[in-house]
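Each chain, letter by letter, is given below.
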Amino acid sequence: MPLMAEHTHARVSGAPHDVTAIVARVERYCAEHGVAFTPMRRRVLEVLAASVTPLSAYDLAERVRQEKRVSPVQVYRVLEFLQGAGVVHRLATKSAYIACYHEHGPGETTVFLVCSGCGAVEEATSRAIQRVLKGAAAVSGFKPLHPVVEVEGECAACQRH
Ligand SMILES: [Zn+2]
Ligand SMILES: [Zn+2]
């Protein structure tokens with residue numbers, strides 16, 4: 001797709017990441033908004049940030065539970081908060097969540113490249129796609145607020161196998 005060539009920066013979400021950096025971003029967000037960074041919020045974020053593949057609220061509830069059970073409903077609430085803080089994305093096609101390691105500009109179009117082999121997700125942003133989407137939406141007078149494109153395929157590593 002020549003459209004993606006010039007302005008696309010792919011960043012691998014599946015690679016090991018600096019979890020402390022993303023935790024620090026939420027600490028800043030909480031301080032700025034006067035809300036609490038509860039142990040539960042921190043724990044969900046840490047588990048998600050350490051995962052190489054997207055996790056559902058049910059997966060997260062299982063992994064976050066320590067001595068006490070955690071319900072998926074509790075996890076959903078935390079995920080909503082983390083999405084608001086800009087550190088988590090929801091993948092609609094998978095009903096699953098991934099941690100986001102970069103700060104997006106307002107209305108920036110996010111392109112998720114989802115590998116159907118290993119489940120890894122790469123995140124890319126593209127101004128070209130953003131322009132095309134806006135134009136297509138404008139035809140019907142539609143205003144996109146959270147433009148997200150999900151593309152299923154095979155990652156570079158899986159193609160080599
Ligand atoms: Zn992102
Ligand atoms: Zn793969």
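Scoring rules and cut-offs
Residues numbered from 1 in each chain as written. Chains lettered and ligands numbered in written order. Predicted model: local features only at pLDDT ≥ 70, side-chain atom pairs only at ≥ 80, totals over all residues. Heavy atoms only, no water. Salt bridge = Lys/Arg side-chain N within 4 Å of Asp/Glu carboxyl O. Helix = DSSP H or I, 4+ residues; strand = E, 2+ residues; numbered from the N terminus. Buried < 20%, exposed > 50% of the residue type's maximum accessible area, 1.4 Å probe, protein only. Phe/Tyr/Trp six-rings, centres within 6.5 Å; stacked < 30°, edge-to-face > 60°. Lys NZ or Arg CZ within 6 Å of the ring centre and 35° of its normal. Axes fitted to C-alpha atoms, helices over the stretch in contact; angles between N-to-C directions. Parallel < 35°, antiparallel > 145°, perpendicular 65-115°, else oblique. Contact = heavy atoms within 4.5 Å. Nonpolar A, V, L, I, M, F, W, Y, C, P; charged D, E, K, R; others polar. Expected span 1.5 Å × (residues − 1). Arc of directions from axis to C-beta. 1 Å grid on protein atoms, 1.4 Å probe; cavity = no way out; pocket = protein on both sides within 12 Å on 5 of 7 lines; lining within 4 Å. Points joined across faces, edges and corners; volume = space filled by probe spheres on them. Domains from an automatic or database assignment.

- Per an unreviewed UniProt entry, the protein goes by Ferric uptake regulator, Fur family and derives from Methylobacterium nodulans.

## Some thoughts on the pattern of salt bridges
Right, on to step 1. This model, assessed by the stated rule, comprises two salt bridges.
Right, on to step 2. A salt bridge links Arg42 to Glu27; the nearest nitrogen and oxygen atoms lie 2.9 Å apart. Of this pair, Arg42 sits in helix H2 (residues 39–50) while Glu27 sits in helix H1 (residues 19–33), and the two are 15 residues apart along the sequence.
Right, on to step 3. The exposure class assigned to Arg42 is partly exposed, which follows from its relative accessible area of 28%.
Right, on to step 4. The class for Glu27 is partly exposed, based on a relative accessible area of 36%.

## What to know about the packing of aromatic side chains
Right, on to step 1. Following the criterion strictly, the structure yields one aromatic pair and no others.
Right, on to step 2. Judged by centre distance (5.8 Å) and plane angle (75°), the rings of Tyr29 and Phe81 are edge-to-face. Of this pair, Tyr29 sits in helix H1 while Phe81 sits in helix H4 (residues 72–84); the two residues are 52 residues apart in sequence, bridging distant segments of the chain.
Right, on to step 3. By relative accessible area, which is 12% here, Phe81 ends up buried.
Right, on to step 4. Over the ring of Phe81 we find Arg41, and its NZ or CZ is 3.7 Å from the ring centre.

## Considerations on the packing of H2 against H4
When two helices pack together, their arrangement is captured by the angle between the axes and the distance separating the axes.
Right, on to step 1. Relative to each other, H2 and H4 sit at 80°, their axes nearing to 10 Å. Considering the angle they form, H2 stands roughly perpendicular to H4. Residue-level contacts link Met40, Arg41, Val44, Leu45 and Leu48 of H2 to Gln74, Val75, Val78, Leu79, Phe81 and Leu82 of H4.
Right, on to step 2. The residue makeup of the contact of H2 with H4, split by class, is nine nonpolar, one polar and one charged.

## Some remarks on H1
Right, on to step 1. For H1, spanning 15 residues, the distance from its first C-alpha to its last is 21 Å, which sits close to the expected 21 Å at 1.5 Å a residue.
Right, on to step 2. For H1, the full list of buried residues reads Ile22, Val23, Arg25, Val26, Tyr29 and Cys30. Around the axis of H1, the buried residues are gathered within 155° of arc, so they sit on the same side. Structural note: H1 exposes Thr20, Ala31 and Glu32 on the side pointing more than 90 degrees away from its buried face.
Right, on to step 3. Packing partners of the buried residues in H1 comprise H2, H4 and strand S3 (96–99).
Right, on to step 4. The positive-phi residue at the C-terminal boundary of H1 is Gly34, with phi of around 60°.

## Some words on the side chain of Thr109
Right, on to step 1. Following the sequence through the fold, Thr109 ends up in the loop between S3 and strand S4 (110–115).
Right, on to step 2. Those residues in contact with Thr109, other than ones at most four positions away along the chain, are Ala124, Thr125, Ser126, Ile129, Gln130, Leu133, Pro147 and Val149.

## Quick word on the layout of surface pockets
Right, on to step 1. Taken as a whole, the largest pocket spans an internal volume of roughly 650 Å³.
Right, on to step 2. At the level of elements, H1, strand S2 (88–91), S4 and strand S6 (148–153) are the ones that each hand at least two residues to the lining of the largest pocket.
Right, on to step 3. Counting residues per element, the lining of the largest pocket draws most heavily on H1, which supplies five residues.
Right, on to step 4. Residues that form the lining of the largest pocket fall into these classes: nine nonpolar, nine polar and seven charged.
Right, on to step 5. Shared between two domains, the lining of the largest pocket holds at least three residues of each, these being domain 1 (2–10 + 104–160) and domain 2 (18–99).
Right, on to step 6. As for the second largest pocket, its lining consists of Pro39, Met40, Arg43, Val64, Arg65, Gln66, Glu67, Lys68, Arg69, Val70 and Gln74.
Right, on to step 7. For the lining of the second largest pocket, the leading source of residues is H2, giving three residues.
Right, on to step 8. Residue classes in the lining of the second largest pocket are distributed as four nonpolar, two polar and five charged.

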